[in-house]
Structure formats: C-alpha cells, structure tokens
Amino acid sequence: CTALADVSFVSTTSSLKTGVDFSYASSLTKASITNILNAIDLTSASTNRNLVLSTNAQTIINADTDLTAKVTAAITAGWSIIYQTR
C-alpha cells in the first residue's frame, strides 16, 4: 500500500516476531518508523526476521541517531534490515 503513512501496534513492544515488508509504504512518517522499530521482538527465535523498508524510510533512519541505534540493535539481535525502492 503506497499510501500507508501511519503505523502503530496494540502492543508497542515485541509485536513483530517474524519478517514483514513495508517497502511499498514509501510515505511512512518518522513516528511510524519508530513504532515499527520499537515493535521488533529482539528475542524472537524465528528464522524469518527480515524487515523490509523503503529507501525513503532509510533516509529518515539515517538522519536520526535514535532510529539508527534501533536498527543496529535489531541487526545485532539477528534481524536483517533491507531497503528497497518500489
């Protein structure tokens, strides 16, 4: 859904245990990207732990030290963060 801009979760932590693809959502807000990164379960043992985001999200993440730290924590926990242009 290319028009998706706002994403939130009922449970703000450990909601995402397996991979998810938001690469088509190129209009995600900084708050939505923060919500997604906060929702990643850093203790999940799932083998499919790929988070796919748009390159627009990558630009927002790279401009923010807190978001960059969240991405680093996810990668350290075994998640793959992939950026794609759709």
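Since the model is a prediction, treat every value here as computed from it, not as a measurement.

Chemist: Help me out: how do you make sense of the sheet that holds strand β2 (residues 50-54) in this one?
Modeler: Hydrogen bonds along the backbone pair up the strands of a sheet, which may run parallel or antiparallel. The three strands are arranged β1-β2-β3 in an open sheet whose pairing can be described as parallel. Every other strand in the sheet has two partners, leaving β1 (20-21) and β3 (80-84) as the edge strands with one partner each. As defined by bridge partners, β2 adjoins β3 across five bridges and the pair is classed as parallel. Each residue of the ladder has a partner; that of Leu 51, found in β3, is Ile 81. Sheet strands in contact with helix α2 (residues 55-62) are β2 and β3, and its direction is about 95° off that of β2.

Chemist: Could you clarify how one ought to interpret the confidence of the model for the protein chain in this entry?
Modeler: For the protein chain, per-residue confidence averages 91 on the pLDDT scale, and residues scoring 70 or more make up 98% of the total. At the low end of the mean pLDDT range in the protein chain sits β1, at 94; at the high end sits α2, at 97.

Chemist: What is the right way to read the pattern of salt bridges from this model?
Modeler: Oppositely charged side chains are able to pair whenever their charged atoms sit close together. Scanning the entire structure with this criterion turns up three salt bridges. The closest approach of N and O atoms between Asp 21 and Arg 86, which form a salt bridge, is 3.3 Å. Remark: Arg 86 occurs in the segment after β3 and Asp 21 occurs in strand β1; sequence separation between them is 65 residues. Put simply, Asp 64 and Lys 30 hold a salt bridge, and the shortest N to O gap is 2.7 Å. Here Lys 30 lies in helix α1 (residues 30-39) and Asp 64 lies in the loop between α2 and α3 (65-76), a separation of 34 residues in the sequence.

Conventions used here
- Residues numbered from 1 in each chain as written.
- Predicted model: local features only at pLDDT ≥ 70, side-chain atom pairs only at ≥ 80, totals over all residues.
- Heavy atoms only, no water.
- Pairing = 2+ DSSP bridges.
- Helix = DSSP H or I, 4+ residues; strand = E, 2+ residues; numbered from the N terminus.
- Contact = heavy atoms within 4.5 Å.
- Axes fitted to C-alpha atoms, helices over the stretch in contact; angles between N-to-C directions.
- pLDDT = per-residue confidence, 0-100.
- Salt bridge = Lys/Arg side-chain N within 4 Å of Asp/Glu carboxyl O.

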